[in-house]
Amino acid sequence: MATVKVHDKYKWKWYQKFYFISITSGMLVTLKYFLKCAILRQQATVQYPEEQRGYSSRFRGRHRLKRDEKGRERCTACFCCMWVCPAKCIHIEAALVPPEKANLYPEDKYAKVFNVDHLRCIFCGLCEEACPKGAIYLDGDIPKPFDNRDDFLSTKDTMLDKEGGPIIGTRL
Amino acid sequence: MVNITVDGQEYSVDEKKNLIDALKDVGIHVPTFCYHPKLKVAGLCRLCLIEIEGVPKLQAGCATPVKEGMKILVSSEKIIKAREAMMEFQLINHPLDCPVCDKAGECKLQDYSFSTGQASTRYKEAKRFISQEVVGDNLLINHNRCILCLRCVRFSKEILNEESLERTQRGNNTVIACVKPGENALISHNYQGALSDICPVGALLNKNMLFKSRVWWYEKTQTICHGCSTLCKVTANVKNNEVYRYMPPENKEKDGYFICDKGRFSAPDFSKNRLYHFMINGKKKKSTETYAELYERFKKSGKVLIIGGTTESNEDLQKISEAVKLFEKNNKNTVWEFKTEDYMYKGDWNSQIDFLLTSDVRPNSKKAKEIAGDNGADKNSLKKAVKDADIIFVINELSAPFSYKTEDESALAENMVFQFLEENKGWDKTVLLTTHNNTAAKKANIAWPIQSFVEKDGTYTDKTNTEKKSAKSVKPPEGLKNSGELFEAFIETLSQKEAIA
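Let me sum up the structure you'll find in this document. In this text the structure is predicted, and so the values were computed from the model without any measurement. (Residues numbered from 1 in each chain as written. Chains lettered and ligands numbered in written order. Predicted model: local features only at pLDDT ≥ 70, side-chain atom pairs only at ≥ 80, totals over all residues. Heavy atoms only, no water.)

The subject of this paragraph is the overall build of chain B. Helix and strand content of chain B: 15 helices and 22 strands. Burial status across chain B gives 56% buried among its 501 residues. Here the analysis covers contacts within chain B between residues at least 6 apart in sequence; of these, 67% occur between residues at least 24 apart. In the form shown here, chain B has an accessible surface area of approximately 22,300 Å², with 48% of it arising from carbon and sulfur atoms. Taking the average location of the 73 positive side-chain charges in chain B and that of its 68 negative ones, the two points are 2 Å from each other. (Helix = DSSP H or I, 4+ residues; strand = E, 2+ residues; numbered from the N terminus. Buried < 20%, exposed > 50% of the residue type's maximum accessible area, 1.4 Å probe, protein only. Contact = heavy atoms within 4.5 Å. Areas by Shrake-Rupley, 256 points an atom, 1.4 Å probe, with all protein chains shown as cover. Lys, Arg positive; Asp, Glu negative; His and termini not counted. Charge placed at Lys NZ, Arg CZ, Asp CG, Glu CD.)

Attention shifts here to the pairing of strand S16 (residues 303–308) of chain B. All names here are of chain B. Within S16, five of the six residues are buried, which leaves it mostly tucked inside the rest of the structure. The handedness of the S16 to strand S17 (residues 333–337) crossover, carried by helix H9 (residues 314–329), is right-handed. For S16 and strand S18 (residues 391–395), the ladder comprises five bridges, and the chain directions are parallel. Looking at the pairing, Val304 lines up with Ile391 of S18. (Right-handed = clockwise from strand over helix to strand, strands pointing away. Pairing = 2+ DSSP bridges.)

Turning to the pattern of salt bridges, a few remarks are in order. The tally for this structure, following the rule as stated, stands at 32 salt bridges over all chains. Lys272 of chain B is the partner of Glu407 of chain B in a salt bridge, and the nearest nitrogen-oxygen pair spans 3.3 Å. Taken together, the residues span a long stretch of sequence, with Glu407 of chain B in the loop between S18 and helix H13 (416–423) and Lys272 of chain B in the loop between helix H7 (261–266) and strand S14 (278–280) at a distance of 135 residues. The network of salt bridges with shared partners includes Arg64, Lys66, Asp139 and Asp161 of chain A. (Salt bridge = Lys/Arg side-chain N within 4 Å of Asp/Glu carboxyl O.)

All names here are of chain B. Read across the sheet, three strands follow the order S11-S12-S13 without closing on themselves; strand pairing throughout is antiparallel. Single-partner strands in this sheet number two, and they are strand S11 (219–224) and strand S13 (242–247). Averaged over all pairs of adjacent strands, the angle between their axes in this sheet comes to 35°, without regard to strand direction. In this sheet, S13 lies alongside strand S12 (residues 233–239) in antiparallel orientation, the contact comprising five bridges. Along S13, the bridge assignment pairs Thr235 with Met247. (Axes fitted to C-alpha atoms, helices over the stretch in contact; angles between N-to-C directions.)

Residues and elements named next belong to chain B. Examined against the element boundaries, Gln59 turns out to sit in strand S4 (residues 59–60). Owing to a relative accessible area of 29%, Gln59 belongs among the partly exposed residues under this scheme. Sequence-wise, Gln59 and Gly43 are 16 residues apart; in three dimensions their C-alpha atoms are separated by 9.7 Å. In contact with Gln59, other than residues within four places in its own chain, are Cys48, Leu49, Ile50, Ile52 and Thr64. Polar contacts involving the side chain of Gln59 include one to the main-chain carbonyl oxygen of Lys57, which spans 3.5 Å. (Polar contact = N/O pair within 3.5 Å; in protein donor to acceptor, adjacent residues only side chain to side chain.)

Put into structure tokens, the structure is as follows:
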């Protein structure tokens, strides 16, 4: 078998071999924070756990089920997330919306049962991508440890948002 | 055969066929909604528009007769634009709720919207909304999704000769309504599944399958239906090793376009409340224990009665008949009575209930009749035989869906064999070969689990004496035998103990 060389080792320039530029740029960062803390009295750390830093908008936490602007559940039990889930952690049971509850759901099909097993979930975010209705997002809190297996099973009661809002769309 | 030119290519097609079908034969697909090979041409959807040389306007392909030397265009720019416009029309009031709709995946509107439609619509007005209605005891209509192809109306009229569905009102307000005479009368015929199947969109849906599954989850097996002696060829839709429903076969032109509801929806019964272990008096036992127990009885007995066999495949029947011959050889008075229901005693074998379903609701009674032999005895002789027999083998006669539905086990008690066994205290001497863990299995002295119809390959003989092959669509648990193999295993035990020669 012939070997195809796809990458040549980077040849360092003579001035790069002194590491002078790299060390200086690194020290500048240190100097910046030193000046911030020492002169401007700005702290670089937070008082965890009383104080917590926000996560990036791309952070994938626990699942939240969304409601639309009118406060109706967005999920229509299309089973797309259940089908795409590589860990098979989502369990949905669909049902016909009873006429007296028709104002609570946008369509005539709703998820009677919507469970996510967090012991199985790998937080890959494919359910979020597959959802055609923007109903499920992994924008909840971080997955916490529990001392009980049952607590890892998120049901609709715990996942469903109380208030609705506009569709989030793709998270960047 | 005539020669026609399609898009500049010459083809030789069958002039007796409709243009759509004739073009399909040579591999040209013309999209249609309202056209169905078994129904009269209506020309409503206008999606099959074609350009004919010498005709200034576009013509509906389904309503165009095939003529020698005809020159047509089916994929010119003009046609593609016309189809796009027609798709836009069809989708004006369609809610596009594919995630919710059960038809998604086998929906023609979905397919053609992707292949021939546009990505967006120019329609800005509010779509009409009419709430869902129940029109049959197993049928729902969603007016919003309907594209008014009238396939359902024509199917009821032309195939079923029943005026139950009709289009009412006019123009934009047109809806399909149930017009069956009588107050709140619902459609109750045996083809509600076929109606929802023939609907090219998700307007007509079956209540019992509503939201149970999605189409793309099914694995498909080409097999035959167990429902009656017609043995229609069907496609079994399997999910999680469970048959959800039967659908019409892949090769519709050869094997038929429609199947009835009785067959379509009864397959799930094969996977509910199953018996997977051997039992003695309702208690779980090993197979060898039941053989030993039966051997003790068999030694003492003189008369053996075998009831049923009309549900088993030709191969199994052959094995059972060999067992019967062996019993007789060893001085056991063996009677095989395959008739188990009233209609069988009336000799009502082949009368058609409708154009598919026969009165004979067992898949293989023709072969059973041939092998077991019809002695012309009446019901009383069976009653007497049950009383006199020392061992009674009941082959798959008290299991679903043949004698009852799994939702309604009380119907089992109305079965003739069940009643005879009850009346004559026959349970103590009964060996029940069954697929279901029901009251009968618990009452019987010995219960043997067997493979159900969908779990085995087999040959069956239909009402016209044609042999049809059924394919294994569901994987049975390892070691589960069918009735023929069980008889073989029992005989092997007997011969080991030198009870028979």
